[in-house]
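# Reading the structure
Single-letter residue listing:
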Amino acid sequence: WAKRLAESYVIQTELFDCFATTSNSGATPSLEGWKVPTKRHDVCVSGHEKLDGSRRFEPLAAQLHGRGPRGTLLKMDVEGAEWEALGAVEDEELQKVDLFDLQIYLCGGPLASGGEERARGLRERVQVLERLARIFYVVARAPEKGSLFRGKEDADLCGGGMRYPDTISMSYVNRQRFAEV
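Rules behind the numbers
- Residues numbered from 1 in each chain as written.
- Predicted model: local features only at pLDDT ≥ 70, side-chain atom pairs only at ≥ 80, totals over all residues.
- Heavy atoms only, no water.
- Helix = DSSP H or I, 4+ residues; strand = E, 2+ residues; numbered from the N terminus.
- Buried < 20%, exposed > 50% of the residue type's maximum accessible area, 1.4 Å probe, protein only.
- Contact = heavy atoms within 4.5 Å.
- Areas by Shrake-Rupley, 256 points an atom, 1.4 Å probe, with all protein chains shown as cover.
- Salt bridge = Lys/Arg side-chain N within 4 Å of Asp/Glu carboxyl O.
- Pairing = 2+ DSSP bridges.
- Phe/Tyr/Trp six-rings, centres within 6.5 Å; stacked < 30°, edge-to-face > 60°.
- Lys NZ or Arg CZ within 6 Å of the ring centre and 35° of its normal.

Each helix and strand in the protein was counted, giving eight helices and nine strands. Burial analysis of the protein (181 residues in total) assigns 34% to the buried set. Put simply, 70% of the contacts in the protein that link residues at least 6 apart link residues at least 24 apart. For the protein, the exposed surface amounts to about 10,900 Å²; the carbon and sulfur share of it is 52%.

With that settled, the discussion passes to the pattern of salt bridges. Evaluation of the coordinates by the stated rule reveals nine salt bridges. For Glu124, the salt bridge is made with Arg120, and the minimal N-O distance between the two is 3.1 Å. Pair noted here: Glu124 and Arg120 are both in helix α6 (residues 115-135), with a separation of four residues, about one helical turn.

Attention now moves to the pairing of strand β7 (residues 97-105). Burial within β7 is extensive, with eight of its nine residues counted as buried. Of the strand pairs in this sheet, strand β6 (residues 72-76) and β7 are connected by five bridges, and their pairing is parallel. Directly across from Leu73, in β7, lies its bridge partner Leu99. Two elements, β7 and strand β9 (residues 167-174), share seven bridges in a ladder whose sense is antiparallel. Along β9, the bridge assignment pairs Ile104 with Ile168.

Now for the environment of Arg55. With respect to the secondary-structure elements, Arg55 resides in strand β5 (residues 55-59). With 37 residues separating them in the primary sequence, Arg55 and Cys18 have C-alpha atoms 5.5 Å apart. Ignoring sequence-local partners within four residues, the contact set of Arg55 consists of Cys18, Phe19 and Lys50.

What follows covers the packing of aromatic side chains. Applying the stated criterion across every chain, the model contains four aromatic pairs. For the pair Phe100 and Tyr172, a centre-to-centre distance of 5.6 Å together with 25° between the ring planes defines the contact as stacked. One end of the pair, Phe100, is in strand β7; the other, Tyr172, is in strand β9, with 72 residues separating them in the sequence. Seen from their ring centres, Phe136 and Tyr172 are 5.6 Å apart, and the 55° between their planes marks the pair as tilted. Of the two residues, Phe136 is situated in strand β8 (residues 136-142) and Tyr172 in strand β9; the sequence distance between them amounts to 36 residues. Look at Phe136 and you get buried, because its relative accessible area is 1%. Residue class for Tyr172 comes out buried when judged on its relative accessible area of 4%. Ring-pair connections join several aromatic residues into one group, and the members of that group are Phe100, Phe136 and Tyr172. Across the ring face of Phe57, the terminal group of Lys50 is positioned such that the distance to the ring centre comes to 5.1 Å.

Written out as structure tokens, the structure reads:
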């Protein structure tokens, strides 16, 4: 998908990945042979700058900061760090994103705990999703059937049995850009 868009619209792709780095993985086969060169960063995005072992994390806002007011296509699959990264970035920076593909992880983090920590984690995630809904329209999601989640217990989703998906992929378009079309 990214390769097709990059080559069709001559968009330089930048990959931020602190798990499969140049030092531990060597080349990135999925990025080789592209007509439009790609740029790889051995860093992950998060809500703030930090080191986790040998992995370096930088704020999403730092990656969006130098970009122009429009023209950014963002594809985010950061294994659960999306909540912190999106919670910390300002609306002004998110407005630079025209198209946004996001994979959200439903389980883990504070949701794996119980009590007040879990309740706080749920409230924070709801706030992130509501904020995204103010800036973007949802244009696609997978799985498409919301009924897969209705009436289910946490154990159905996060119990390890994988009877139901524990991730959702969302595609967004910026409301301001959409109004211009």
